[in-house]
2 protein chains.
Amino acid sequence: MTKKTSGSEIERLVQLLARLPGLGHRSARKAALALIKKRTDLLEPLAAALAEAAAKIVECSSCGNIDTVDPCTICRDPRRDASLIVVVEEIGDLWALERAGVVKGLYHVLGGHLSPLDGIGPDRLNIGRLIERAAPPVTEILLALNATVEGQSTAHYLTEQLQGRGITVTRLAQGVPIGGELDYLDEGTLAAAVKSRRTL
Amino acid sequence: MTKKTSGSEIERLVQLLARLPGLGHRSARKAALALIKKRTDLLEPLAAALAEAAAKIVECSSCGNIDTVDPCTICRDPRRDASLIVVVEEIGDLWALERAGVVKGLYHVLGGHLSPLDGIGPDRLNIGRLIERAAPPVTEILLALNATVEGQSTAHYLTEQLQGRGITVTRLAQGVPIGGELDYLDEGTLAAAVKSRRTL
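Residues numbered from 1 in each chain as written. Chains lettered and ligands numbered in written order. Predicted model: local features only at pLDDT ≥ 70, side-chain atom pairs only at ≥ 80, totals over all residues. Heavy atoms only, no water.

**Remarks on the overall build of chain A**
What counts is decided by this rule: Under the DSSP-based scheme used, a helix requires at least four consecutive residues in state H or I and a strand at least two consecutive residues in state E, with every element numbered from the N terminus. Atoms counted for the radius of gyration: C-alpha only. Globule rule: 2.2 Å times the number of residues to the power 0.38. For each residue, the accessible area found with a 1.4 Å probe, counting protein chains only, is set against the maximum for its type, and the residue is called buried under 20%, exposed over 50%, and partly exposed in between. Residue contacts are counted whenever heavy atoms from the two residues lie within 4.5 Å of one another. What sets the accessible areas is the Shrake-Rupley method with a 1.4 Å probe; for residues, cover comes only from the shown protein chains.
Across its full length, chain A carries seven helices and six strands. In sequence order, chain A lays out its α and β elements as α-α-α-β-β-β-α-β-α-β-α-β-α. Radius of gyration (C-alpha) of chain A: 22 Å, far over the 16 Å computed for a compact globule of 200 residues. Structurally, chain A occupies a C-alpha span of about 70 × 45 × 35 Å along its principal axes. Counting all 200 residues of chain A, 42% fall into the buried class. A sequence separation of at least 24 residues applies to 46% of the contacts in chain A between residues at least 6 apart. As displayed, chain A has an accessible area near 10,900 Å², and 54% of this comes from carbon and sulfur atoms.

**A short note on the pairing of strand β6 (residues 168-171) of chain B**
Our working definition: Following DSSP output, two strands are said to pair if at least two bridges run between them.
Two strands pair when backbone bridges link them, and strand β5 (residues 140-143) of chain B and β6(B) are joined in this way by four bridges, in the parallel orientation. Directly across from L143(B), in β6(B), lies its bridge partner R171(B).

**Looking at the side chain of R80(A)**
Residues and elements named next belong to chain A. Note the following rule: Two N or O atoms form a polar contact when they lie within 3.5 Å of each other; inside protein one atom must be a possible hydrogen donor and the other a possible acceptor, and for residues adjacent in sequence the pair counts only when both atoms belong to side chains.
Within the fold, R80 resides in the loop between β2 (66-67) and β3 (81-88). In this structure the side chain of R80 is engaged in a polar contact, spanning 2.8 Å, whose partner is the side chain of E98. At 3.1 Å, the side chain of R80 and the backbone oxygen of G105 are in polar contact.

**So, the relation of the copies chain B and chain A**
Put simply, the test is: Overlaid copies result from least-squares superposition on C-alpha atoms, with residues included only where pLDDT is at least 70 in both.
Its rotation angle being 180°, the transformation that places chain B on chain A also includes 0.0 Å of axial translation and leaves an RMSD of 0.1 Å. Expressed as an axis order, the relation between the two copies is that of a two-fold axis. Of every C-alpha in chain B, the one belonging to A47(B) sits nearest the axis of rotation, 2.5 Å from it. Looking at chain B, 98% of its interface residues are interface residues in chain A too, so the copies touch through the same face.

**What to know about the pattern of salt bridges**
The test is simple: By definition here, a salt bridge exists when the distance from a side-chain nitrogen of Lys or Arg to a carboxyl oxygen of Asp or Glu is within 4 Å.
Tallying each qualifying case throughout the model produces 14 salt bridges over all chains. The residue K56(B) makes a salt bridge to E52(B) at a minimum N-O spacing of 3.7 Å. Note that K56(B) and E52(B) are positioned in helix α3 (residues 39-56) at a spacing of four residues, about one turn of the helix. By relative accessible area, which is 39% here, K56(B) ends up partly exposed. Of the residues examined, E52(B) reaches a relative accessible area of 35% and is grouped as partly exposed. Linked through salt bridges whose partners overlap, the residues forming this network are E9(A), E52(B) and K56(B).

**Notes on the domain arrangement of chain A**
In plain terms, the rule: Segmentation into domains, and thus their bounds, comes from an automatic or database assignment.
In terms of domain boundaries, chain A breaks down into domain 1 (8-56) and domain 2 (66-199). Spacing between the C-alpha centres of domain 1 of chain A and domain 2 of chain A amounts to 34 Å.

**Points about the interface of chain B and chain A**
Here is the rule: What gets called buried area is simply the loss in accessible area from a 1.4 Å probe that two parts show on being joined, summed for both. Any residue that is not Ala, Val, Leu, Ile, Met, Phe, Trp, Tyr, Cys, Pro, Asp, Glu, Lys or Arg is counted as polar, Gly included; the first ten are nonpolar and the last four charged.
Taken together, the 59 residues of chain B in the interface contact 59 residues of chain A. Around 5,700 Å² of area is buried between chain B and chain A when both sides are counted, 66% of it from carbon and sulfur atoms. One can count six salt bridges joining chain B with chain A. K37(B) serves as the salt-bridge partner of E90(A), at 2.8 Å between the closest nitrogen and oxygen. Our count for the chain B to chain A interface comes out at eight residue pairs in polar contact (both at pLDDT 80 or more). Elements that contribute at least two residues to the side of chain B that touches chain A include exactly α1 (7-17), α2 (25-37), α3, β2 (66-67) and α4 (91-100) of chain B. At 15 residues, the largest contribution of residues to the side of chain B that touches chain A is made by α3(B). Among the residues forming the side of chain B that touches chain A, the class breakdown is 31 nonpolar, seven polar and 21 charged.

Have a look at this one:
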């Protein structure tokens, strides 16, 4: 009696799906079954979309975003404010800011944050290219890094590197998130919110 | 300023991934990013595995299992006990029983359960083929259906249909699951466990 009856093709599909973030082995099996059940509706389109992504998606040589063109759609958009570069850790952060529609400038994706314990120094991040870009017409660099220890020490390092170039280096405001209840916020956030209080 | 900068290829990939069970829109975005980051390691193999699944996987015309051959590997295995058919609702149930390695017989996948409210009558399930299979060498049909109202009413219907063929129709034992704490079990399970109590 075979332990896995599902055939090596299905087993391989499950193994690969299980490597996606958010899918364990159990949910990967459910996903594989759903795919096979919806062959023309889901399996074939997904196979095609993945093949197309593999063939077409490239990293933007300017900002590190991913797109099907290089430079990416954002970098080549003339309506964007080229005097502002918003630095983010990951492409997912860029997407979040774009969904919010709050950035009129360009982006720069670091590809992570400094983490000496994990052996991630400045050379492992997309920092050299950022320093190159820190020249006219750029007048402001907004460090939109995570409000974590690693994010903030990365911001600190970048601030030092970017000094003396006549460029204003800024960071995101810290405070109470919209809809946030004071009772549930950590002390650091409350301290930042009080310190940066505004006149009404 | 475009709201979606990720390019239509990436957006399409996210949309398709979000239709997998267990993946919401947010985790689909994470999965898409992970795929694009691990291009040779994950994206290309997954694209290939899906294409292969789409090309090769067929439904077993005998039992309703999926495999790359028809009849499936289980149905054509001569070491299997052909006198026993284990009826399950879904292929995932078949997989679960195979992982447990507790079934020596063959299977029959119904493709769901009776659900008059959803318009799912006997004709929508793989029942006709089961009735055909209910002939020698088959001597026992084990209804391994879910212990839900729908599963049990499906079992009831099948029991009626299979009567008068000289075949023993059985169902799974009900009781306390291994590791189960009485305190957390529902009354129905406790009642079944008491009713079917065994002598030590």
